[in-house]
Amino acid sequence: MKKQTDLEETKSTTRELLYLDFQKTKFSPMIIKHPFTDSGLVYLPHDDSTQPKNILEDKATLERWQEFIKEKINECSSVIQVYMLISKPYKFAFIKYTEKSMSKDDLSEILADAWICSEEPNLDPNLNKRKLVSLFISSNPYMLMTEEKLEVFNSLDDEITIYRGVTSYNADNEKTLSWTLDYDKAEWFAKRFGEAGIVYEAQIEEAHILAYFNRKNESEIIVDPEYLLAIEETQTQIGEIAMM
């Protein structure tokens, strides 16, 4: 990290992401994965056509689209604006490649947003658990959390009980960063795909709690998983499966 964000260096790295390969899906070209678009069908500025163009099949259209995105990157006046151009599945990839050009405050704000908007931040392939822990540890808590969340974070006991609900999808990933203070929320996660999943209970000391978020009232606690204590399945039986 730098004392001040090097915006031009960040922009330069971000422009390189523009040339990553498109990840096709079974719904391509309608739905694809790429750092700057979720669809292969795009509208271009100064184009009189009312129909979207396919950047997967037409080279001229792809090059026009790339120039358009480069212009948008160049126009950004802050690293936050650059970050907001990145599609959700690539938020952590952006952090991976630009963290060294950002200040602690900017990186903290971006890390919090990336974590909150990601569907499975614990399983993102770009940043492993130890790297995520190191990023949280080095962050500025006043930029990582809102004043309200920071108040909850600072009021936690020296050792607390936390919970995590898992299904067959993530049953082997209980020793991870994301837990909750709310048993009922953990139970919801254990049921959310129509499964009778498992709710784990653990203890964690305050020194190893890294952040507190409350997206969708999840009472989420971010911890260093190396210091989780007494992880065990709860004795409370999960009732009828809640079909979504």
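Thresholds, definitions, all that
- Residues numbered from 1 in each chain as written.
- Predicted model: local features only at pLDDT ≥ 70, side-chain atom pairs only at ≥ 80, totals over all residues.
- Heavy atoms only, no water.
- Core = buried A, V, L, I, M, F, W, Y, C linked by side-chain atoms within 4.5 Å.
- Buried < 20%, exposed > 50% of the residue type's maximum accessible area, 1.4 Å probe, protein only.
- Helix = DSSP H or I, 4+ residues; strand = E, 2+ residues; numbered from the N terminus.
- Axes fitted to C-alpha atoms, helices over the stretch in contact; angles between N-to-C directions.
- Parallel < 35°, antiparallel > 145°, perpendicular 65-115°, else oblique.
- Left-handed = near helix turned anticlockwise from the far one by under 90°.
- Contact = heavy atoms within 4.5 Å.
- Nonpolar A, V, L, I, M, F, W, Y, C, P; charged D, E, K, R; others polar.
- Disulfide = S-S within 2.5 Å.
- Phe/Tyr/Trp six-rings, centres within 6.5 Å; stacked < 30°, edge-to-face > 60°.
- Lys NZ or Arg CZ within 6 Å of the ring centre and 35° of its normal.

Counting 54 residues, the largest nonpolar core has Trp-65, Phe-94, Ile-95, Phe-136, Ile-162 and Phe-213 as the members making the most contacts within it. Among the elements that take part in this core, helix α5 (residues 104–117) stands out by supplying 6 residues, more than any other. Grouped together as the second largest cluster of nonpolar side chains are 5 residues, Tyr-163, Ala-186, Ala-190 and Val-199 included.

It is the contact of helix α1 (residues 7–17) with helix α2 (residues 59–75), at a shortest axis distance of 10 Å, that shows an interaxial angle of 165 degrees. It follows that α1 is roughly antiparallel to α2 by the angle criterion. Like other packed secondary-structure pairs, α1 and α2 cross with a definite hand, here right-handed. Facing Lys-11, Thr-14 and Arg-15 of α1, the residues of α2 in contact are Lys-70, Ile-73 and Asn-74. Among the residues making up the contact of α1 with α2, the classes are represented as 1 nonpolar, 2 polar and 3 charged.

Summed over all chains, the structure comprises 0 disulfides. Free of any disulfide, Cys-76 has its nearest cysteine sulfur in Cys-117, 17 Å distant. Its relative accessible area of 22% is what places Cys-117 among the partly exposed residues.

Before going further, it helps to spend a moment on the packing of aromatic side chains. Aromatic rings considered in pairs are described by the distance between their centres and by the relative angle of their planes. Scanning the entire structure with this criterion turns up 7 aromatic pairs. Arranged with centres 6.1 Å apart and planes meeting at 45 degrees, the rings of Phe-22 and Trp-65 form a pair that is tilted. Of this pair, Phe-22 sits in the loop between α1 and β1 (23–24) while Trp-65 sits in helix α2; the two residues are 43 residues apart in sequence, bridging distant segments of the chain. Relative to Phe-189, the ring of Trp-188 has its centre 5.0 Å away and its plane inclined at 85 degrees; by these criteria the two rings are edge-to-face. The partly exposed category is assigned to Trp-188, whose relative accessible area is 37%. Of the aromatic side chains, those joined through ring pairs into one cluster are Phe-92, Trp-115, Phe-136 and Phe-213. The side chain of Lys-91 reaches across the aromatic face of Tyr-83, ending 4.2 Å from its centre. Over the ring of Trp-188 we find Lys-185, and its NZ or CZ is 5.2 Å from the ring centre.

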